[in-house]
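# Residue-level structure breakdown
Next come the chains, spelled out residue by residue.
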Amino acid sequence: MTEPMITLTGSTMSAVIEPRGDAPPVWRWWGGTVDASGLPSLADTRPAASFSLDIDQPLPVVPPFGTGWFGPPAIRAHRDGRHFAQWFETVSIETGDYGLTITLVDRAAQLTLVQRIAVAGDMLTLSAEVINDGDDTLEVEWLAAGTLPLPGDCAQIHSFTGRHNAEFVPQTEPMPAHGWVHENRRGLTGHAGPPGLFVSGPASGWHAGRVHAAQLAWSGNHRLAIERDDDGVWVLQMGEALAPGEMRLGPGDRYATPEMLATCSSEGLNGAMQAFHAAIRARAPWPVEGMRPRPVHVNSWEGFYFDHDEAALMALADRSAALGVERFVLDDGWFKGRDDDTAALGDWVPDPAKYSRGLGPLAAHVVGLGMEFGLWVEPEMVNPDSDLARAHPDWALHLDGVPQHSSRNQLVLDLGREDVRDYLFDRLDALLTELPIAYLKWDHNRDLAVAGSADGSAGYHAQVRGAYALFDRLGAAHTALEIEACAGGGGRIDAGIAARTHRFWTSDCIDAVSRVRMQRGFLHFMPPEMMGAHVGASPAHSTGRSQGMAFRAAVALPGHFGVELDPATMPETDAATLAAGIARYKALRDRLHRGRVWLGEGPDGLVWQAHGEPDDLILQVTRVEPTTVRRPPAISLPMLAGRGAFRVHLLDLATEAGHPAPDAPVFAAMREGGVIYSGDWLAQAGLPTPAMKAESAALFRIEPA
């Protein structure tokens, strides 16, 4: 008798799995919402295929290796070269209100595999665990967090590449004839952004059409793969990329994968992004009362670098508070012997040469101005020229017979070691106890090479788990503390670290033109309130390009706004513009950070993003390059279709002073009481945009009329 289908249903998404008695269950569907009641069994719909095994093997929820499924396996494991193939039996399928747990056993190979699939909102969360039931070592080479089917009419893969100072470079590729793989071996997430991708269906775009998307909640080595099956569909897998010999399980030991977050949207890329934002917000470590408004930062790095002077930094705090800044972050250079990047990492005590009274007076001065005090740290690193390295030379990752490569003159501490984690906790806990530190900027300025642990085995997995344990321990001890994840800018942005930190440093590049693209890439995976977005100096330190203050402030506006320059170096007109930008951010941040986000592209190089809900939107339209048409084009806003009449206000046109662009009466009216349009008009004919110079942004508020 055919068993009933198991359906996991979100708001607009379904996953359908067919149980098969003792045989492993198989996938029937992952996509838009469907009713699977009364569905015939898969076996009844599949005629025999030529040159095939007599036992049909469609896509299992957990594909095995070597026993007749020739697509990508979910597991590769063996016992000293033997028991390399799996023949699973179903032990149980436990269902609950929000998911299911499938337990499989391979009696010959003596292993148990548990696949968990949960649903919340429009997000599937998948993870797997393998348990060694034998009495000798089970070596696991690969275990997918999840295996998902993709329809045969998928059209394109959207992903990102990147490097330091150039994160989130978008890539669009056709579906592969054979396979597509992205594998990271750097030991941390990498500057391409989160380990994730989007797969678009036919005729899909920003606002409409089917899009499947997934990302892995992991801050280390990872593998993302799509492979075409000869049945004419594709198979999507994600998991941790294990190093040779890294996961050797003794009797009774187990290995659990990171979680894979997966969604399917019928509302294009924006629908998938919004589902990601909701999932990340649910994972974020906000207190019980929820996220408070994101305070405006000032960071000392690009204003002072290593040249710390207590009086000068107090003056920076004075100038910043006068501009409306709410949090002062003291960056690298504050600790003993830290005059450049060659020494002192690991010795987390204030430098008596720079701070003869310690950091207390500076912190007290900052707090006295009504700002929070924050501090830069890089706990996972050590300089060979440091007291810590001299006392514990074995604490850095290393491998006998292989050079211990430095990067930025630093080595990586072995966080797989409990004594290393204890030392780091004690040093950070002392600082957090002694000083009124509300915020840590937690940096990680190099890849892992060579990542050998104390016993000579690969230490990538243990390093990530050790870092997570340290974050978790500090968070439990200091519940009001907020942490920013930074790794040479955007080198560690992912859903794993997002469960432990409150903000990401998007990139060390603060060039506003570069940031337009990078921040749009960030918003594909993460919500805007976690996106560190600063107003930097002009010319930008990373590119040498110059942009006006109004444009720099406008580009930073939609994220978690900050300042990374010394206001003393600015003309008075720029200071006034920056103060106005800070005031505008404070007025709008609740709308910018608590609703949905839509991205879009208009004609003639315009890009736009809208924050909030359709009945109350903040819309920013950005022009980077000069126009190529005679008159400015309109932009369509599809999310407003069928929603009645709206009043449109033009809040600001961030541009440089000088020869003014031509204006029109409608924009004067938008600046006054607003102009009324129907939602259908704005969705189809579009919103008129003012004439805009290169490197300018128009800011609108759209509310019901």
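This section reports on the structure supplied with the text. These numbers come from a predicted model, not from an experiment.

Scanning the chain from N- to C-terminus turns up 12 helices and 36 strands. Counting only C-alpha atoms, the chain reaches 80 × 70 × 40 Å along its principal axes. Within the chain, the fraction of its 705 residues that count as buried is 58%. Long-range contacts, defined as pairs at least 24 residues apart, comprise 70% of the intrachain contacts of the chain with a sequence gap of at least 6. As presented, the chain carries roughly 26900 Å² of accessible surface, and 52% of it is formed by carbon and sulfur atoms.

On to the packing of aromatic side chains, then. Aromatic ring pairs are described here by two measures, namely the spacing of the ring centres and the angle between the planes. Evaluation of the coordinates by the stated rule reveals 19 aromatic pairs. When the centroid spacing of 6.2 Å and the interplanar angle of 5° are considered together, the rings of F335 and W376 count as stacked. Note that F335 is positioned in the loop between β22 (327-330) and α4 (360-368) and W376 in strand β23 (residues 372-377), a separation of 41 residues in sequence. For the pair F335 and W376, one class covers both residues: buried.

Looking at the secondary structure, you find P704 in strand β36 (residues 696-704). For the pair P704 and M123, spaced 581 residues apart in sequence, the C-alpha to C-alpha distance is 30 Å. When residues no more than four places from it in sequence are discounted, the contact partners of P704 are D615, A645, F646 and R647.

We now examine the pattern of salt bridges. Summed over all chains, the structure comprises 47 salt bridges. Where E183 meets R223, a salt bridge forms, and the shortest distance between an N and an O atom there is 3.4 Å. In this pair, E183 sits in strand β13 (residues 179-184) while R223 sits in strand β16 (residues 222-228), placing the two residues 40 residues apart along the sequence. Exposure remark for E183: the relative accessible area of 30% places this residue in the partly exposed category. Accessibility expressed as a relative area gives 22% for R223, which makes it partly exposed.

With that out of the way, let us pick up the sheet that holds strand β4 (residues 75-78). Where strands meet in a sheet, backbone hydrogen bonds hold them as pairs that are either parallel or antiparallel. One open sheet holds the three strands; their spatial order is β4-β9-β18, and the pairing between them is antiparallel. The open sheet has two free edges, formed respectively by β4 and β18 (247-249), since each of these has just one partner strand. In this sheet, adjacent strand axes meet at a mean angle of 30° when their direction is disregarded. As paired elements, β4 and strand β9 (residues 138-143) share four bridges and run antiparallel to each other. Among the inter-strand pairings, A77 is bridged to a residue of β9, identified as V140.

Here the structure, examined in full by the defined rule, presents four cavities of 30 Å³ or more. In this model, the largest cavity occupies a volume close to 110 Å³. Lining the largest cavity are R515, V516, Q519, R520, A554, V555, P558, V607, W608, Q609, Q620 and T622. Secondary-structure elements contributing two or more residues to the lining of the largest cavity are α8 (512-522), α9 (549-556), β32 (607-613) and β33 (616-623). With four residues, α8 is the largest single contributor of residues to the lining of the largest cavity. Within the lining of the largest cavity, the residues separate by chemical class into six nonpolar, four polar and two charged. In this structure, the second largest cavity encloses a volume near 70 Å³. Together, G187, L188, S219, E380, H444, L448, Q463, V464, A467, Y468, R492 and I497 line the second largest cavity. Taken together, the residues that form the lining of the second largest cavity break down as six nonpolar, four polar and two charged.

For P287, the location among the structural elements is in the loop between α1 (268-283) and β21 (297-299). Linking P287 and T479, residues 192 residues apart in sequence, is a C-alpha distance of 7.7 Å.

Spanning 23 residues, helix α10 (residues 572-594) covers 33 Å between terminal C-alpha atoms, matching the ideal 33 Å at 1.5 Å per step. Of all the bends in α10, the greatest, near 60°, is centred on L588. Restricting attention to buried positions, one finds in α10 the residues L578, G581, I582, Y585, L588, R589, L592 and H593.

With that settled, consider unusual backbone geometry. Residues A449 and V450 are joined by a peptide bond in cis, for which omega reads 5°. By secondary structure assignment, the location of V450 is in the loop between β26 (437-442) and α7 (460-477). Residue P539 is reached from S538 by a cis peptide bond, and omega for that bond is 5°. The phi dihedral of F51 falls on the positive side, at around 50°, and the residue is not glycine.

Parameters and conventions
Residues numbered from 1 in each chain as written. Predicted model: local features only at pLDDT ≥ 70, side-chain atom pairs only at ≥ 80, totals over all residues. Heavy atoms only, no water. Helix = DSSP H or I, 4+ residues; strand = E, 2+ residues; numbered from the N terminus. Buried < 20%, exposed > 50% of the residue type's maximum accessible area, 1.4 Å probe, protein only. Contact = heavy atoms within 4.5 Å. Areas by Shrake-Rupley, 256 points an atom, 1.4 Å probe, with all protein chains shown as cover. Phe/Tyr/Trp six-rings, centres within 6.5 Å; stacked < 30°, edge-to-face > 60°. Salt bridge = Lys/Arg side-chain N within 4 Å of Asp/Glu carboxyl O. Pairing = 2+ DSSP bridges. Axes fitted to C-alpha atoms, helices over the stretch in contact; angles between N-to-C directions. 1 Å grid on protein atoms, 1.4 Å probe; cavity = no way out; pocket = protein on both sides within 12 Å on 5 of 7 lines; lining within 4 Å. Points joined across faces, edges and corners; volume = space filled by probe spheres on them. Nonpolar A, V, L, I, M, F, W, Y, C, P; charged D, E, K, R; others polar. Expected span 1.5 Å × (residues − 1). Bend = angle between axes of the 7 residues up to and from the residue.

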